Amino acid sequence: MVISAHPFRRTLGAALVVAALASAATACSDSGSGPAEPGRGAPVPAAGQQGRAQAPGSAGALNAYVERVRKQKAARALAAKKWGLAKAPLDAPAPPKVKPRITTRKGFETDGVGLPPVFTTVPTKQKVVFLTIDDGAEKDPELLRMMKDLRIPYSAFLSDYVVKDDYGYFARMQKSQESGVALHNHTLNHRYLPGLSYKQQKREICGMQDVIEKRFGKRPPLFRPPYGNYNEDTLRAAKSCGVKAVPLWSAEAFPDHMEWREWDRDLHPGDIVLTHFRGKGDWKGTMPDMIRRVMNVITAKGYAVAKLEDYV
């Protein structure tokens, strides 16, 4: 059985600050507090309440946190203006303490049991989506600068035949953001996997696992089959060399338009957005043009971009 996705082609930080300030204000106006000392604004704790007094330095820590959040928001607003976005990207909420259980999307199953799940959307109620970029053909330094300036998380799914001429670009990408950019598996040569034998598929997938581990220091847990096409052998081969999950996509971004998998042509919480490392030679714009387009759509619909690896 061949499964194909190709035909479709297609602020917690601010809230914490408000809550902390509200809490501090409530503590200061507590009706159980004693009278204020002469010449001081802060009340003296009433008898028996000394243990509730604010720990030394906690107010300073809160102020520092508020100032850091303020500076981050200001910097993101300036970056959005610099890169021509209609609005600054929304801040993603804190990721879940426990990652959601990922299962294979209905209609995407094979007959195999215990294989890596294939999915297009991460189960979450948070208004977040995930940005993924495939292959590695275009190595635009402006992309790295733009994503760093805007603090947009993303995941790259790499094919060796187009990245091997400049592994250094992707090493810089991996370290270009404070939280890191994850590099995952998109096979050695981007072949149509269901047309290959199990042994050939294993070489394509596991060979790329070896390349990424050797070049970038970590064996990736995620794998995306070229064109979204796979069969049971694909998933068996992927599992044999450490792949834990197979994310496909719900929407695809281009510099001049979006393509949608779902009937309502819209985003949903947890959707995975696909795009590619491409330039003007392949489509109508540059990679920054594509990011500008997709971020304007994501932000206008009220979504933030979160880091896929925090959820999967």
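On a predicted model such as this, the values are computed, not experimentally measured, just so you know. (Residues numbered from 1 in each chain as written. Predicted model: local features only at pLDDT ≥ 70, side-chain atom pairs only at ≥ 80, totals over all residues. Heavy atoms only, no water.)

**Observations concerning the environment of Gln201**
Definition in use: Elements are defined by DSSP. Helices are runs of H or I of four residues or more, strands are runs of E of two residues or more, and each kind is numbered from the N terminus. Relative accessible area decides the class of each residue, using a 1.4 Å probe on protein chains only: under 20% of the type maximum gives buried, over 50% gives exposed, and in between gives partly exposed. The contact definition used throughout considers only heavy atoms, calling two residues in contact when any of these lie within 4.5 Å. Think of a polar contact as two N or O atoms within 3.5 Å of one another; within protein, one of them needs to be a possible hydrogen donor and the other a possible acceptor, and neighboring residues in sequence only count if both atoms come from side chains.
Tracing the sequence through the fold places Gln201 in helix α6 (residues 198–216). The class for Gln201 is buried, based on a relative accessible area of 0%. Expressed as a C-alpha distance, the spacing of Gln201 and Asp233, which sit 32 residues apart in the sequence, is 7.5 Å. Sequence-distant contacts of Gln201, that is, excluding residues within four places in its chain, are made with Leu193, Pro194, Leu196, Asn231, Asp233, Thr234 and Ala237. Looking at Gln201, its side chain comes within polar contact range of the main-chain oxygen of Leu196, at 3.4 Å.

**Overview of the pattern of salt bridges**
What counts, and what does not: Any carboxyl oxygen of Asp or Glu within 4 Å of a side-chain nitrogen of Lys or Arg constitutes a salt bridge here.
Evaluated as defined, the whole model comprises 15 salt bridges. One salt bridge in this structure joins Asp210 and Arg219, with 2.9 Å as the shortest N-O distance. Arg219 gets classed as partly exposed once you look at its relative accessible area, which sits at 30%. Three or more residues joined by partner-sharing salt bridges are found here, namely Lys73, Arg76, Asp91 and Arg151.

**Looking at the state of the cysteines**
Quick note on the threshold: The term disulfide is used for any two cysteine sulfur atoms that are within 2.5 Å.
In this structure the tally under the stated criterion is 1 disulfide. Covalently, Cys206 is tied to Cys241 through a disulfide, its sulfur atoms 2.3 Å apart. The disulfide joining Cys206 to Cys241 has a torsion of about -85 degrees about its S-S bond and is therefore left-handed. Here Cys206, found in helix α6, pairs with Cys241, found in the loop between α7 (232–240) and β7 (246–247); they are 35 residues apart in sequence, far enough to count as distant.

**Brief notes about the confidence of the model for the protein chain**
Where we set the bar: The predictor rates its confidence in each residue with pLDDT, a number between 0 and 100.
Residues with a pLDDT of 70 or more make up 82% of the protein chain, whose mean pLDDT is 87. Note on residues 7–54: pLDDT under 50 across the span, and 53 contacts to partners over four residues away in sequence or across chains.

**Looking at the pairing of strand β3 (residues 128–135)**
Our working rule: Any two strands with at least two DSSP bridges between them are considered paired. Handedness of a crossover: with both strands directed away from the viewer, a clockwise path from the first strand across the helix to the second marks it as right-handed.
With 8 of 8 residues buried, β3 is to be regarded as a mostly interior element. Across 2 bridges, β3 lies against strand β11 (residues 304–305) in parallel orientation. Across the sheet, residue Val128 finds its bridge partner in β11, namely Ala304. The pairing of β3 with strand β10 (residues 272–276) spans 5 bridges and is parallel. Within β10, the position partnered with Leu131 by the bridge is Val273. Alignment of β3 against strand β4 (residues 155–158), held across 4 bridges, turns out to be parallel. The residue bridging Ile133 from the neighbouring strand is Ala156, located in β4. For the crossover that starts at β3, traverses helix α3 (residues 141–150) and ends in the parallel β4, the hand is right-handed.

**Section: the packing of α3 against helix α8 (residues 287–300)**
The line we're drawing: To define axes, lines are fitted to C-alpha atoms, for helices over the stretch in contact only, and angles between the resulting N-to-C directions are given on a 0 to 180 degree scale. Each residue receives one of three labels: charged for Asp, Glu, Lys and Arg, nonpolar for Ala, Val, Leu, Ile, Met, Phe, Trp, Tyr, Cys and Pro, and polar for the others, Gly being one of them.
Across the interface, α3 lies against α8 with an axial gap of 8 Å and an inter-helix angle of 35 degrees. Contacts between α3 and α8 involve Glu142, Leu143, Met146 and Met147 from the former and Met287, Pro288, Ile291 and Arg292 from the latter. In terms of residue class, the contact of α3 with α8 is built from 6 nonpolar, no polar and 2 charged.

**A short note on α6**
The condition is simple: Under the convention used throughout, the expected extent of a helix is 1.5 Å for every residue step, that is, one less than its residue count.
Here α6 contains 19 residues, and its C-alpha end-to-end distance of 26 Å stays within 8% of the 27 Å for a straight helix at 1.5 Å per residue. Taken together, the buried positions of α6 are Gln201, Glu204, Ile205, Cys206, Gly207, Met208, Gln209, Val211, Ile212 and Phe216. Here the buried face of α6 lies against β4, α4 (160–163), α5 (167–174), β5 (182–185), β6 (230–231) and α7. Two residues or fewer after α6 comes Gly217, characterised by a positive phi angle close to 90 degrees.

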